[in-house]
Amino acid sequence: MNYENLLHREENRVIYITINRPDKLNALNTKTISELNHLLELYKFNDDIKAIVITGSGEKAFVAGADISEFADFTSEQGKMLSQSGHDLLFNYIENYPKPVIAAINGFALGGGFELALSCHIRLASDNAKMGFPEVTLGVIPGYGGTQRLSQLAGKGKAFELIMTAEMIKADEAYRLGLVNYVLPQSELMNKVNELLEKIKTKSPVAIAHAIIAINANDKDGINGYAVEVEEFGKCFEEDDFKEGTKAFLEKRKPVFKGKSAHV
Ligand code: COA
């Protein structure tokens, strides 16, 4: 299927998605958000696909934010709906996606673009990348999970500073704050992504899906993450991947995971 604002390809059991509005620095309009949701939904339970990679087209921007031209004259109610539907269709959706989702941040990741990266499970950045929340400059706040996920990853103090000052940080500062796992020259970004994927692809997809649920339970009000871990740990014992993983270890061979789950 062709999308207006996305390019995508399947390679070695991974879906590579490029947000493709280079003349608008890949700004996220509602069409792009719904296209991303549609594409991700197609592969959510496809056992042949092991992971998703999201990047931006060109060498300048990952995503330069939500598309400002779309919400400039919104009412409060429309603003709330924009935020909520973004959470549902993309940002919470990605965080809870049952396969690893990796952000390859190849340039500006601002506002909604930074939030998109923060909702992914793993982030890598090119050394020209710049990240930040310019929202208060526009008289608004991050509305796609940024106030929460930046605090969770970098601590509340840094979240207050970055959101209040609207300062952009460079990739090496994002690395120092634990916001990205690796910083590389742009030409090497995808090689490093693929190196990580080669490791991930040999592991049990079912165990990875259970791990995503358990890790996401961390830092959530009203949810006991340890109790969720106990539950997810227990569920693994009913999965074929667990039987195969332990059997292969005892037989001194590499496991061949089916990746089909009874639970996720
Ligand atoms: N929404 C809509 N359009 C955007 C956009 C956004 N978030 N970010 C960039 N664009 C558009 C610009 O309007 C411009 O379009 P035009 O050529 O039709 O005028 C085009 O992308 C190129 O951007 P430009 O500002 O000319 O590039 P630059 O290199 O001078 O500056 C940025 C790059 C990222 C610093 C600048 O584009 C910017 O500040 N963008 C807005 C970031 C933002 O506030 N995001 C949070 C939104 S809540």
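Residues numbered from 1 in each chain as written. Predicted model: local features only at pLDDT ≥ 70, side-chain atom pairs only at ≥ 80, totals over all residues. Heavy atoms only, no water.

Details of the site of the ligand
Stated precisely, the cut-off is as follows: Each residue is tested against the molecule or strand, and it is near if at least one of its non-hydrogen atoms lies within 4 Å. N or O atoms within 3.5 Å of each other form a polar contact, as long as, within protein, one can give a hydrogen and the other can take it, and as long as residues adjacent in sequence are counted only when both atoms are side-chain atoms. For accessible areas, the Shrake-Rupley method is used with a probe of radius 1.4 Å. Any residue's cover is judged against the shown protein chains and nothing else. Here the term charged refers only to Asp, Glu, Lys and Arg, the term nonpolar to Ala, Val, Leu, Ile, Met, Phe, Trp, Tyr, Cys and Pro, and the term polar to all other amino acids, Gly among them.
Taken together, the neighbourhood of the ligand is formed by 15 residues, with Lys24, Lys60, Ala64, Ala66 and Ile68 sitting nearest. Between a nitrogen atom of the ligand and a main-chain N or O atom of Ile68, the distance comes to 3.0 Å. Taking 860 Å² as the accessible area of the ligand by itself, protein coverage stands at 59%. Its residues placed into classes, the shell around the ligand shows nine nonpolar, one polar and five charged.

Section: the sheet that holds strand β4 (residues 61-63)
Condition: Any two strands with at least two DSSP-identified bridges between them are counted as paired. Strands here are runs of E lasting at least two residues and helices are runs of H or I lasting at least four, both read from the DSSP assignment and numbered beginning at the N terminus.
In spatial order, the strands read β4-β6-β8-β9; together these four strands make up an open sheet with mixed pairing. Taken across any chain shown, the strands that pair with only one partner, and hence form the sheet edges, are β4 and β9 (169-170). Judged from the two bridges that link them, strand β8 (residues 130-132) and β9 form a sheet pairing that is antiparallel. Paired with Met131 across the two strands is Ile169, which belongs to β9.

Digging into helix α5 (residues 146-154)
Which entries qualify depends on this criterion: Exposure categories follow from relative accessible area, calculated using a 1.4 Å probe and restricted to protein chains: below 20% of the type maximum is buried, above 50% is exposed, and the middle band is partly exposed. As used here, the arc is the angular range of directions from the helix axis to the C-beta atoms. Every residue pair with non-hydrogen atoms within 4.5 Å of one another is taken to be in contact.
Along α5, the positions that sit buried rather than exposed are Gly146, Arg149 and Leu150. Mapping the buried residues of α5 onto a view down its axis gives an arc of 100°, with all of them on the same face. In this fold, the buried residues of α5 make contact with α3 (76-95), α4 (112-119) and α6 (156-165). Just downstream of α5, Gly155 is the residue with a positive phi angle, here 95°.

Here we look at the domain arrangement of the protein chain
Defined as follows: Residue ranges assigned to the domains are those given by an automatic or database domain assignment. Computed with a 1.4 Å rolling probe, the buried area is the accessible surface lost when two parts are put together, summed over both parts. A pairing counts as a salt bridge when a side-chain nitrogen of Lys or Arg comes within 4 Å of a carboxyl oxygen of Asp or Glu.
The domain architecture assigned to the protein chain consists of domain 1 (6-200) and domain 2 (203-250). Relative placement of domain 1 and domain 2: their C-alpha centres are 26 Å apart. Contacts between domain 1 and domain 2 engage eleven residues on the former and eight residues on the latter. Counting each side, the surface lost to burial between domain 1 and domain 2 is near 720 Å², with a carbon and sulfur contribution of 50%. Of all residues in domain 1, Glu95, Gln152 and Ile200 give up the largest surface area on contact with domain 2, accounting jointly for 46% of the area buried on that side. Where domain 1 packs against domain 2, one counts zero salt bridges. At the junction of domain 1 and domain 2, the tally comes to three residue pairs in polar contact (both at pLDDT 80 or more).

Brief notes about the packing of aromatic side chains
What counts here: The rule is short: rings of Phe, Tyr and Trp, with Trp giving its six-membered ring, pair when the centres are within 6.5 Å, and they are stacked under 30 degrees, edge-to-face over 60, tilted in between.
Under the defined criterion, the tally for this structure stands at five aromatic pairs. Relative to Phe133, the ring of Phe114 has its centre 4.8 Å away and its plane inclined at 40°; by these criteria the two rings are tilted. Linking Phe114 in helix α4 with Phe133 in the loop between β8 and α5, this pair joins segments that are 19 residues apart in sequence. Pair check on accessibility: Phe114 and Phe133 agree, each one buried.

Quick word on the side chain of Ser204
The residue Ser204 is located in the loop between α8 (189-201) and α9 (205-216) in this model. Ignoring sequence-local partners within four residues, the contact set of Ser204 consists of Asp241 and Phe257.

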